[in-house]
Amino acid sequence: MGIINSMKLQEKAIKMAQHEIYNIRAGLPFSKSLAQYLLHITTDAPESLTRYRILLPTRRACRILRETFLSLNEGKPILLPQLSPLGDVDEDDLSLMMFGGRHGFLDIPEAIPPMKRQLLLAKLIRNVPDFVQGHDHALALSNALCRFIDQVVVEGLALSDLYKIVPDEFAAHWQITLDFLKIISEHWPTILAEHGQIDVAQRRNHLLHALADHWQESPPDYPVIAAGSTGSIPAAGRVLGVISKMPQGCVILPGL
């Protein structure tokens with residue numbers, strides 16, 4: 001149990017304003033350290049591991065932790081905790097985590113399919129006079145716009161504020177770009193509304209905020225650990241903040 005002792009998970013908790021925050025220091029294998037710790041604290045009752053809800057950054061991180069548990073158990077069957085990706089919210093998992101709560105997600109509009117979004121944006125771009133050179137060029141630009149939209153939405157910013165980010169001395173040059181970006185600041189929200197859909201990143205934000213609201217009002221009666229995420233996405237950061245203050249919740253940061 002050398003890793004357990006060196007990190008104690010690292011059982012030096014950072015207690016700031018009653019937040020329950022731990023870390024696994026840089027240089028230690030994160031998934032292996034986390035799996036060893038969970039196996040260690042459930043040694044006397046292995047079945048209790050199934051009560052734990054572990055939130056990880058991605059689906060890939062969930063798969064790696066699952067494989068790590070099996071590796072530590074030498075491939076033998078093992079009762080695993082519930083693993084959920086925080087960065088790619090699974091609605092089936094979410095419905096279980098929010099069961100009985102009033103902060104539902106059924107009223108959140110569906111996300112627009114990626115291909116449909118790219119084609120609709122490409123159509124808008126082709127309507128800009130003297131700007132594109134063929135359909136392939138429009139598709140390439142629409143793909144770039146998709147990434148830009150996601151970045152803005154993830155950071156919780158407003159497209160209508162784009163004009164504020166450039167100093168006055170660059171305003172004339174920037175105006176050309178702003179005129180092009182009206183595609184997404186003015187026309188895109190209208191198109192989404194007409195289709196009754198929202199961007200994928202926006203839907204994820206809504207789902208994460210709904211989960212944070214639910215757990216803030218009704219903390220779960222089982223252990224919840226958010227591990228490996230740094231809260232770089234504001235909506236995910238809010239979930240981490242709520243978890244860190246729950247009676248049976250904690251956040252484990254990587255490499256702090």
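Here, every reference points to the structure presented above.
Residues numbered from 1 in each chain as written. Predicted model: local features only at pLDDT ≥ 70, side-chain atom pairs only at ≥ 80, totals over all residues. Heavy atoms only, no water.

A.B. asks: Even after reading the chapter, I still don't get helix α5 (residues 114-126), so can you show me in this structure?
C.D. replies: Think of an α-helix as 3.6 residues a turn; residues three or four steps apart then line up on the same face. Along its 13 residues, α5 runs 18 Å from first to last C-alpha, staying within 8% of the 18 Å computed at 1.5 Å per residue. When α5 is considered as a whole, its buried residues turn out to be Arg117, Gln118, Leu120, Leu121, Ala122, Leu124 and Ile125. (Helix = DSSP H or I, 4+ residues; strand = E, 2+ residues; numbered from the N terminus. Expected span 1.5 Å × (residues − 1). Buried < 20%, exposed > 50% of the residue type's maximum accessible area, 1.4 Å probe, protein only.)

A.B. asks: Looking at this structure, how should I read the packing of helix α2 (residues 30-41) against helix α3 (residues 59-72)?
C.D. replies: At a minimum axis separation of 9 Å, α2 and α3 run at an interaxial angle of 60 degrees. Relative to α3, the element α2 is oriented oblique. Note that α2 runs across α3; the crossing there is right-handed. Here Ser31, Lys32, Leu34, Ala35, Gln36, Leu38 and Leu39 of α2 come into contact with α3, specifically with Ile64, Leu65, Thr68, Phe69 and Leu72. (Axes fitted to C-alpha atoms, helices over the stretch in contact; angles between N-to-C directions. Parallel < 35°, antiparallel > 145°, perpendicular 65-115°, else oblique. Left-handed = near helix turned anticlockwise from the far one by under 90°. Contact = heavy atoms within 4.5 Å.)

A.B. asks: Just to check I follow, could you spell out the nonpolar core for this structure?
C.D. replies: Considering soluble globular proteins, one finds that nonpolar side chains tend to be buried as a cluster. In terms of nonpolar packing, the biggest core is built from 50 residues, with Leu121, Ile184, Trp188, Trp215 and Ile243 touching the most fellow members. For this core, the secondary-structure elements that each account for two or more residues are α4 (91-97), α5, α6 (135-154), α7 (171-195), α8 (200-217), β7 (224-227), α9 (234-244) and β8 (249-254). Those residues in contact with leucine 121 that lie beyond four places of it in its chain are Ser142, Leu145, Cys146, Ile149, Ile183, Ile184 and Trp188. Residues Ile24, Leu49, Cys250 and Ile252 belong to the second largest nonpolar core, which totals 20 residues. (Core = buried A, V, L, I, M, F, W, Y, C linked by side-chain atoms within 4.5 Å.)

A.B. asks: Would you take a moment to explain the pairing of strand β3 (residues 53-56) for this structure?
C.D. replies: Successive side chains on a regular strand alternate, one facing one side of the sheet and the next facing the other. Neither face of β3 is exposed, since Arg53 and Leu55 on one face and Ile54 and Leu56 on the opposite face are all buried. Pairing of β3 with strand β4 (residues 82-85), which is carried by 4 bridges, proceeds in the parallel orientation. Opposite arginine 53, over in β4, you have glutamine 82 as the bridge partner. Alignment of β3 against β7, held across 3 bridges, turns out to be parallel. For arginine 53, the partnering residue across the bridge sits in β7 and is valine 224. (Pairing = 2+ DSSP bridges.)

A.B. asks: I'm lost on the packing of α5 against α6 in this one. Help?
C.D. replies: Packed helices, taken two at a time, are described by the angle their axes make and the gap between the axes. The geometry of α5 relative to α6 is characterised by a closest axis approach of 8 Å and an angle of 115 degrees between their N-to-C directions. The two elements α5 and α6 cross, and the hand of that crossing is right-handed. Contacts between α5 and α6 pair Arg117, Gln118, Leu119, Leu121, Ala122, Ile125 and Arg126 from the former with His135, Ala138, Leu139, Leu141, Ser142, Asn143, Leu145, Cys146, Ile149 and Asp150 from the latter. Split into classes, the residues belonging to the contact of α5 with α6 amount to 10 nonpolar, 4 polar and 3 charged. (Nonpolar A, V, L, I, M, F, W, Y, C, P; charged D, E, K, R; others polar.)

A.B. asks: Before we go on, may I ask you to explain the pattern of salt bridges in this structure?
C.D. replies: Any two side chains of opposite charge can pair if their charged atoms end up close together. Across all of its chains, the model carries 3 salt bridges by this definition. A salt bridge links aspartate 150 to arginine 117; the shortest N-O distance between them is 3.0 Å. Within this pair, whereas aspartate 150 is found in helix α6, its partner arginine 117 is found in helix α5, the two being separated by 33 residues in sequence. Relative accessible area serves as the criterion here: at 24%, aspartate 150 is assigned to the partly exposed category. Overall, arginine 117 belongs to the buried group, its relative accessible area being 8%. Two residues, arginine 117 and aspartate 199, come together in a salt bridge whose shortest N-O distance is 3.1 Å. Residue arginine 117 is found in helix α5, and its partner aspartate 199 is found in the loop between β6 (197-198) and α8; the two are separated by 82 residues along the sequence. Put simply, Arg117, Asp150 and Asp199 are held in one network by salt bridges that share partners. (Salt bridge = Lys/Arg side-chain N within 4 Å of Asp/Glu carboxyl O.)

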